[in-house]
Amino acid sequence: MPAPEPARTPPHVDRRTLLIASGTGLAAAGGAAAWLFGPGSDRASARAATAPTASVSVSTPSTPSTATGATTAAPTAPPVPSVPTTVGTTLHSVATPTGKGAYRRLADGPGWKRVVRADLAPAHPGRADRRTAIAAFVQLTDLHVMDVQSPLRMEWMREHGPHDWRPHEALSVLSTLSLIDRVNSLRGGPVTGHPLSFAITTGDNTDNNSTIELDWFLSAMSGGRIDPNTGDPQAFEGIQNSGLPLFWQPESARTDADKKLGFPHLPGYLSAAMRPLTAPGLKIPWYSTVGNHDALFSGAYRSGPHGSFAGQIAVGDRKLEQVPHADMLRVYKAVNAQQDPDGTLVREVLQHYARTARTVTPDVRRAPFTPQEYLAAHLDPRRTGAGPVGHGYAAEGVDADHMYYSFPVADGVLGISLDTTDRGGSFLGSIGSEQLAWLGRTLAAHEDQHILVFSHHAAHSMTNLRTDPARPREKRHSGAELTALLKKHPNVLAWINGHSHHNRIDPRGTFWEVNTASHVDYPQLGRVIEIVDNHDGTLSLITTLIESAAPHRTDFHDLSTAGLASLYRELAFNAPGADISSASGAAHDRNAELLLGKR
């Protein structure tokens, strides 16, 4: 395994004032710019100090492919492999904590080794010399792009526990762009060098079912201008300048709960976090999968139409920031026990304490989006980017509210994206009878192909069988039932998902279930997956985790685009209540070779 690169020292600048003014903190050209997002990255353009928008590396989208919603057209030209390299992956280097104390800084650390898992098939010697690549792609999951100033946010739940609000949330857009920059920088699969054919998001693309969050997510993925600010364009109106000591107040010199743990005082942080950006978008085609935070407000409650109480609160001018402990606890217990799918208790709390709520600037862009609007936004030609049109979704699926589809991964390999969200309410998932029947037919019709299944929820998190209000007569089915169906088709190689915010890989008798950590909670990862034929009666799925392109080391004085993306990672690591060990998973849940019998 290659040794980690030594830490790189950023070029000298005149600290905070210049960094905030420039938005980059770098000279505009040459080797210094290559440092912006760390080893293995493409050059990220620095903007001039007088430009109004911070920009990151810009790519030219490839010709969009056509999506039908059933099976999209496969690429016509075979990809050309490159020389494999681990640079830019967690095989090469991983952010590692240094020092002691409650708040720890991050630095370059040794990479994670790959673990061979022969649970489902033997690992024959010499296979590395025989194998040929079939496909390579990237999974991104649980980005949680969020509008932290929305009146519909429930930060007051932090009264229950510190991890019910994240100190780094205002940087979600910046961090997403840094992850995309990492994907764009990769030359191919780190084992085979096979070009990355596509990326797929496995849900919770947005955080609060908000129209503006959906706009930011689609702009980040496909390219375009992003102004990560809502309400008053000249002033931040969120929990982080509320003065409440329960939350990190970065621009205030006063002590708060997080500063007691070592969180820094950062004048200019909020204005830098809200600075406009230009996103280059992914250079490769990408597909979209829906998650519970995309379908339900707070990821747990039925959003309803725009005129619903959730919609009225979202676009209104009152933002509730603190709630008495007893009322907060009632809401927490109800949602945790899945007893309040309509958000009745939330509505009562918001209405009861409306007079004590903070007055903010209303913004119609915060309105919840409907399933039809979610689909239509993906099909908007302005969002095509590197393609395909609709990113898997089809125009005929809009009226029917069908958020599941199949698409070609490579010759002889089919991808299937499922909708496991339950519109009846709850953060847990399930699947309806109509979709389950469609899945069975699709699997049977492609028995001569390898199959990859993608969804937001993992098997263990699909236990909510509440009826979908839009389909009151349709039965819902659990993760155990979905697993049983997939086992009936031995050509299924893997079920790839997210939701749980941790790394976990489990053998499921005939296929592998691959669960990847989120990009909102530490360790903030994506996953490259390569499929290879070992030419000995086995196949291997080779998984390699990637971090964002932001440098591991942070500088509290660096409020540039890259500096804030680095800070996002470090703040997430230090977030009170974060379960770092569980989220990272064991070694065999991270970089792994997963063997399968060839059928």
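A brief report on the enclosed structure follows. The structure displayed is predicted, hence computed values, not measured ones. (Residues numbered from 1 in each chain as written. Predicted model: local features only at pLDDT ≥ 70, side-chain atom pairs only at ≥ 80, totals over all residues. Heavy atoms only, no water.)

1. What about the packing of helix α4 (residues 172–185) against helix α5 (residues 211–222)?
Definition in use: For every element, the axis is a line fit to its C-alpha atoms; helices are fit only across the contacting stretch, and the angle between N-to-C directions ranges from 0 to 180 degrees. Helix and strand definitions follow DSSP, with helices as H or I runs of at least four residues and strands as E runs of at least two, each counted in order from the N terminus. Roughly parallel refers to an angle under 35 degrees, roughly antiparallel to one over 145, roughly perpendicular to one between 65 and 115, and oblique to any angle outside these ranges. A clockwise turn of the near helix away from the far one marks a right-handed crossing, whereas an anticlockwise turn of less than a right angle marks a left-handed crossing. The contact rule is simple, with two residues in contact once any of their heavy atoms fall within 4.5 Å.
Between α4 and α5, the least distance of the axes is 10 Å, while the angle of their chain directions is 25°. Between α4 and α5, the crossing angle belongs to the class labelled roughly parallel. Between α4 and α5 lies a crossing whose hand is right-handed. Contacts between α4 and α5 involve Val173, Thr176, Leu177 and Ile180 on the former and, on the latter, Trp216, Ala220 and Met221.

2. Section: the pattern of salt bridges
If the charged atoms of two oppositely charged side chains come close together, the side chains can form a pair. This is how the line gets drawn: One speaks of a salt bridge when a side-chain nitrogen belonging to Lys or Arg is within 4 Å of a carboxyl oxygen belonging to Asp or Glu. Think of it in three bands: residues with accessible area under 20% of the maximum for their type are buried, residues over 50% are exposed, and the middle band is partly exposed, with areas taken using a 1.4 Å probe on protein chains only.
Applying the stated criterion to the full structure yields 29 salt bridges. With a shortest N-O distance of 3.0 Å, Arg358 and Glu321 are connected by a salt bridge. Highlighted residues: Arg358 in strand β11 (residues 358–359) and Glu321 in the loop between β10 (318–319) and α9 (325–336), separated in sequence by 37 residues. The buried category is assigned to Glu321, whose relative accessible area is 10%.

3. So, the sheet that holds strand β4 (residues 115–117)
To keep things clear, this is the line we draw: Only strands that DSSP links by at least two bridges are regarded as paired with each other.
With respect to topology, 7 strands assemble into an open sheet ordered β4-β22-β21-β20-β5-β6-β9, the strand pairing being mixed. Strand pairing shows two members of the sheet lacking a second neighbour, β4 and β9 (286–289), which therefore form its edges. Direction aside, the axes of adjacent strands within the sheet are offset by 20° on average. Examined bridge by bridge, strand β5 (residues 132–140) and strand β6 (residues 199–202) share 3 bridges and lie parallel to one another. From the neighbouring strand, Leu140 faces β6, where its bridge partner is Thr201. Packing against the sheet, α4 makes contact with β5, β20 (526–533) and β21 (538–546), and its axis sits at approximately 170° to β5. Against the sheet, α5 contacts β5, β6 and β9, and its axis sits at roughly 155° relative to β9.

4. Some details on the packing of aromatic side chains
In this description, a pair of aromatic rings is defined by centroid distance and the angle of the planes. The criterion, for reference: Ring pairs shown here join Phe, Tyr and Trp side chains whose ring centres sit within 6.5 Å, with only the six-membered ring taken for Trp; geometry is labelled stacked below 30 degrees between planes, edge-to-face above 60, and tilted in between.
Inspection of every chain in the model, using the stated rule, returns 21 aromatic pairs. On the basis of an interplanar angle of 80° and a centroid distance of 5.8 Å, the ring pair of Phe137 and Phe454 is categorised as edge-to-face. Pair noted here: Phe137 is in strand β5 and Phe454 is in strand β15 (residues 450–454), with a separation of 317 residues, a long-range link. A residue is classified by how much of its surface remains accessible, and Phe137, at 0% relative accessible area, is buried.

5. A short note on the side chain of Ser548
Defined as follows: A 3.5 Å cut-off defines polar contacts: any pair of N or O atoms within that distance qualifies, except that in protein one atom must be a possible hydrogen donor and the other a possible acceptor, and neighbouring residues in sequence count only when both atoms are side-chain atoms.
Structurally, Ser548 is set in the loop between β21 and α15 (561–574). Among the polar contacts made by the side chain of Ser548, one reaches the side chain of Ser178 at a distance of 3.2 Å.

6. A few points about the sheet that holds β15
One open sheet holds the 6 strands; their spatial order is β12-β13-β15-β17-β19-β18, and the pairing between them is mixed. Every other strand in the sheet has two partners, leaving β12 (405–410) and β18 (504–507) as the edge strands with one partner each. Strand-to-strand twist in this sheet, taken as the mean axis angle between neighbours without regard to direction, amounts to 20°. Here β15 pairs with strand β17 (residues 492–497) via 4 bridges, running parallel. Considered in β17, the bridge of Ile451 is made with Val492. Against the sheet, helix α13 (residues 433–445) touches β12, β13 (413–417), β15 and β17, its axis set at about 180° to β13. Strands β15 and β17 of the sheet are contacted by helix α14 (residues 479–487), whose axis makes an angle of about 155° with β17.

7. What about the layout of surface pockets?
Put simply, the rule reads: Whether a set of points on the 1 Å grid over the protein atoms alone is a cavity depends on a 1.4 Å probe fitting there but being unable to get out, while an open set qualifies as a pocket with protein on both sides within 12 Å along at least five of seven lines; lining residues are those with an atom within 4 Å of a point. Grid points are joined across faces, edges and corners, and a volume is the space filled by probe spheres set on the points. All residues other than Ala, Val, Leu, Ile, Met, Phe, Trp, Tyr, Cys, Pro, Asp, Glu, Lys and Arg, Gly among them, are scored as polar; the first ten of these are nonpolar and the last four charged.
Put simply, the largest pocket is a space of about 1,200 Å³. Lining the largest pocket are 38 residues, and of these His163, Asp164, Arg166, His293 and Ser298 lie nearest its centre. Residue assignment for the lining of the largest pocket shows that the elements contributing at least two residues are α7 (292–295), α9 and α16 (580–584). Sort the elements by how many residues they give to the lining of the largest pocket and α9 lands first, with 4 residues. Its residues assigned to classes, the lining of the largest pocket comprises 16 nonpolar, 13 polar and 9 charged.

Taken by themselves, the reported measurements are silent on function.
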